[in-house]
Structure formats: structure tokens, C-alpha cells
Amino acid sequence: MASRPVLTAALTALAPISWGTTYAVTTQFLPPDRPLFTGLMRALPAGLVLLALTRVLPRGAWWWKSAVLGALNIGAFFPLLFLSAYRLPGGMAAVVGSIGPLFVVGLSALLLGQRPTARSVLTGTAAAFGVSLVVLKAAGALDPVGVLAALASTASMSTGTVLTKRWGRPAGVGPLALTGWQLTAGGLLIAPVALLAEGAPPALDGRAIGGYLYLALASTAIAYWLWFRGIGRLSATQVTLLGPLSPLTAAVVGWAALGQALTPVQLAGMALAFGATVFGQTGPRPSAVRVGEVASRGNTVTQRRRRSWPKTPAPAAASRSPHARAVPVGAPSTVPPPAGRRPTGSGRAVAGPESTG
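Residues numbered from 1 in each chain as written. Predicted model: local features only at pLDDT ≥ 70, side-chain atom pairs only at ≥ 80, totals over all residues. Heavy atoms only, no water.

**Student:** Whenever I open this one, the overall build of the protein confuses me. Can you help?
**Tutor:** Helix and strand counts for the protein stand at 15 helices and zero strands. In the protein, buried positions account for 40% of the 357 residues. Expressed as a percentage of contacts within the protein between residues at least 6 apart in sequence, the contacts between residues at least 24 apart total 90%. Approximately 19,800 Å² of the protein is accessible, and the part contributed by carbon and sulfur atoms is 67%. (Helix = DSSP H or I, 4+ residues; strand = E, 2+ residues; numbered from the N terminus. Buried < 20%, exposed > 50% of the residue type's maximum accessible area, 1.4 Å probe, protein only. Contact = heavy atoms within 4.5 Å. Areas by Shrake-Rupley, 256 points an atom, 1.4 Å probe, with all protein chains shown as cover.)

The structure is reproduced here in C-alpha cells:
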């Protein structure tokens, strides 16, 4: 049982690792200066493919919930992230993005009722500092618009992560369908923005088509499925602490495939950020503890109530009315119990919607 959370965290970590390859794929395979079109090609085709595979559409309130989550995790996040990356000096957007775990700690306290711990705050701070050592370069002044875009993209993704944890998913709907809903909604949101800002789509050769296929399938459809699956099984803070693996992967790919050198300071930052990421997965799982506490308290209250009820029901009065009928034992009755009596239950816990995940 102890290995299951470890396996879940390892599979979820594949998502930010694949996102870390985006920079190399974009610079080596895709048309230049088309970040919004790239975001559109990542989200919308992947979402439509998942919708075709799952054949499940949202129902009821999940139409607007999917739209909100798609906007936060995809539709707003992609354009803001690209805008910050273009307007800020090298690596600064990644540094701002690495403080996402601290955003999630605060939002979890507001929306999930999870009290911030010194462990989560220190781990998130250490991860952000390690990432800054890896990607931050001494270059240029900070652009206010770029800084605001970076903060907004981090807040958008963090809010989407926490709301995904809070809302869960509908009964009978798996994470693959939920991923398809969000990618489709986010892609539809990006489409008009890309058309207005960048114009018509560029001409694509075989190299660009291969790059877009990789981003849409491996780095988006599969990666976001693993990400949302992990959100359903781990705490929001644990999932977000895996985010620094993205810039770390980008640095490793740049060194191995693009010939970029790594300094001793960068290596030290990588070790610090990776250590903080691993350490963040070893803490207690707050949701499991709370469920156990609630179950224990519920059993205690049930036992107290049972002790206060009479062990044997009062014998039924003799048929004083000619219209009285005998009711067989175990037969359902539509007559409400007397005001002073409470029907006894089986005492078994009933699984709620949260247990479907």
C-alpha cells in the first residue's frame, strides 16, 4: 500500500518532465514567433482526440466547471506563460512559475481547508530558490507587463489545480474524459486570441507537423491526463511541487541535446530543487488523515446515539382499532416514526461521491 502513492507521484512527475521538453521542440522543430498558435495546436487537437476516445460529454454543472477549469489550466495559462517568456529576461518566467507551490498552499487553505504547514512552505521556497539558480541569468531589467503575466499564469494554473482537487470529477467519469473537456475548452478559448494576435496559421512542413504531433499527444494529452489523475490521488501541494521538474528537465535537455553548458551553481540549484521536490512527496497526506478523523468521529457519535436509544422497542399496543393492520417484519413502512423515536441504521459507512476517484 505504501508503494501506491510513490507510483502515483512518479507517474504524475512524467507530466512536468514532458513539459520541460517543450522549449527544445519549439526552437528546433516549430515555426518561430508563433506561441499562441503553438498553444492552440497543443490543446484543441488533443482535447478533440480524447473526446472521441471517451465519448463522454459534461452534464449539468460540469459544463461551466469544465469551462472554468479549461480556462485556468489551459486557455489563460498558455497565452500568459508565452507572453511572460517573451518579455522577461532568460529564465525569469520559470522562476516566477516555480513559486506555484506557495500559491497552492495559500489557495488550499482558502478552498480546501488545509492548514499551511512549515514543511510545505519551506519545501516550496527551497524548490523555487533551486530553480532560480538553474535558469536565472543576469540580463536586462524586468518588464512590468512580463512580470504581471508570469504571476497571472502561475496564479491561473495554481487556482485550476486547487479547484480540480476541490470539485473532483462526476461519478462514473474518469480522468481521461475530464482532461478532454478541459483541453477542448482551453483550446476554443485560445483560438480567437491566436487568430487576432498572430493572423492566419503558418505553412507547415513535415518537421513542424512532427513537432506539433509530439506536443499534442505526448506533452499535452498524455501529460495532462497524468497531471489531473495525480491531482485526484495526491494532495494539491504534492502535485504542484512536481512542477519544478519542468525547468530542470529543460536545463538537462539543453545540456544533452543542444550543447548548453551547466555551471557548478546550476548543478547545485538542480540538486536543491530536485531534493525539495522529492522531499515534498514524502510528507503526510492531509486528505487521508482528515477522512480517517471524520470516520472515527462519526462512529463515536453513532455509538453515543445508539446507547441513548432504547435497546428494545416498546411493545405495540393491542389492536384497539378495528382498522389496524399487522405489518410483516422487515416490510417497508411509509408511516414516519413517532417524534420520540429514531430509526436505527445498519451502522455501515456509505461511500460518497468522493470515493469514486
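**Student:** Would you explain the packing of helix H8 (residues 118-135) against helix H14 (residues 264-280) in this entry?
**Tutor:** Helix packing geometry: the angle between the two helix axes and the distance between the axes. One can describe the packing of H8 onto H14 by two numbers: an axis separation of 7 Å at closest approach and a directional angle of 155 degrees. Classed by the angle they form, the pair H8 and H14 counts as roughly antiparallel. The handedness of the crossing between H8 and H14 comes out as left-handed. From H8, Arg 119, Thr 123, Ala 126, Ala 127, Phe 129, Gly 130, Val 131, Leu 133 and Val 134 reach across to H14, where they touch Val 265, Gln 266, Gly 269, Met 270, Leu 272, Ala 273, Ala 276, Phe 279 and Gly 280. Taken together, the residues that form the contact of H8 with H14 break down as twelve nonpolar, five polar and one charged. (Axes fitted to C-alpha atoms, helices over the stretch in contact; angles between N-to-C directions. Parallel < 35°, antiparallel > 145°, perpendicular 65-115°, else oblique. Left-handed = near helix turned anticlockwise from the far one by under 90°. Nonpolar A, V, L, I, M, F, W, Y, C, P; charged D, E, K, R; others polar.)

**Student:** When you look at the environment of Ser 84 in this model, what are you seeing that I'm missing?
**Tutor:** Examined against the element boundaries, Ser 84 turns out to sit in helix H5 (residues 77-87). Take Ser 84: its relative accessible area is 1%, and that puts it in the buried class. C-alpha of Ser 84 to C-alpha of Leu 151: the two residues are 67 residues apart in sequence and 8.8 Å apart in space. Ignoring any residue separated from it by four or fewer positions in sequence, one finds Ser 84 in contact with Ala 93, Gly 146, Ala 149 and Ala 150. Within the structure, the side chain of Ser 84 is placed 2.7 Å from the backbone oxygen of Leu 81, a separation counted as a polar contact. (Polar contact = N/O pair within 3.5 Å; in protein donor to acceptor, adjacent residues only side chain to side chain.)

**Student:** Explanation requested: helix H3 (residues 35-54) in the structure shown.
**Tutor:** Side chains that are three or four residues apart share a direction in an α-helix, a result of its 3.6 residues per turn. Taking 1.5 Å per residue, 20 residues should reach 28 Å; H3 reaches 29 Å between its end C-alpha atoms and fits that length. Just past H3, the residue Arg 55 takes up positive phi, approximately 55 degrees. (Expected span 1.5 Å × (residues − 1).)

**Student:** It is not clear to me how the nonpolar core should be interpreted in this structure. Could you clarify?
**Tutor:** Side chains that are nonpolar tend, in soluble globular proteins, to be buried together. Counting 41 residues, the largest nonpolar core has Trp 19, Ile 74, Phe 78, Tyr 224 and Trp 227 as its most contacted members. Here Phe 78 is in contact with Gly 39, Arg 42, Ala 43, Ile 190 and Tyr 224, once residues within four sequence places are set aside. Listed in part, the nine residues of the second largest apolar core include Trp 62, Leu 72, Val 173 and Trp 181. (Core = buried A, V, L, I, M, F, W, Y, C linked by side-chain atoms within 4.5 Å.)

**Student:** What exactly am I supposed to notice about unusual backbone geometry here?
**Tutor:** Most of the time, phi is negative for any residue but glycine, and the peptide bond is trans. Although it is not a glycine, Asp 33 sits at a positive phi angle of roughly 60 degrees. Residue position: Asp 33 is located in the loop between helix H2 (22-29) and H3.

**Student:** How do you make sense of the packing of aromatic side chains when you look at a structure like this?
**Tutor:** Describing an aromatic ring pair means giving the distance of the ring centres and the angle of the ring planes. Under the criterion given, the structure shown has nine aromatic pairs. A ring pair is formed by Trp 64 and Trp 167, whose centres lie 5.5 Å apart and whose planes are at 80 degrees; its orientation type is edge-to-face. Of the two residues, Trp 64 sits in helix H4 (residues 62-75) while Trp 167 sits in helix H9 (residues 144-167), which places them 103 residues apart along the sequence. Residue Trp 64 is classed as partly exposed on the basis of its relative accessible area, which comes to 48%. Judged by its relative accessible area of 22%, Trp 167 is partly exposed. With 6.0 Å between their ring centres and 45 degrees between their planes, Phe 77 and Phe 78 make a pair best called tilted. (Phe/Tyr/Trp six-rings, centres within 6.5 Å; stacked < 30°, edge-to-face > 60°.)

**Student:** Teacher, can you tell me more about the packing of H5 against H9 here?
**Tutor:** It is at 8 Å that the axes of H5 and H9 come closest, and there the two elements cross at 150 degrees. Between H5 and H9, the angle is such that the two are roughly antiparallel. Every pair of crossing elements has a handedness; the one defined by H5 and H9 is left-handed. Residue-level inspection shows Phe 77, Leu 80, Leu 81, Leu 83, Ser 84 and Arg 87 of H5 in contact with H9, the latter providing Val 145, Gly 146, Ala 149, Ala 150, Ala 152, Ser 153, Ser 156 and Met 157. Of the residues contributing to the contact of H5 with H9, the split by class is nine nonpolar, four polar and one charged.

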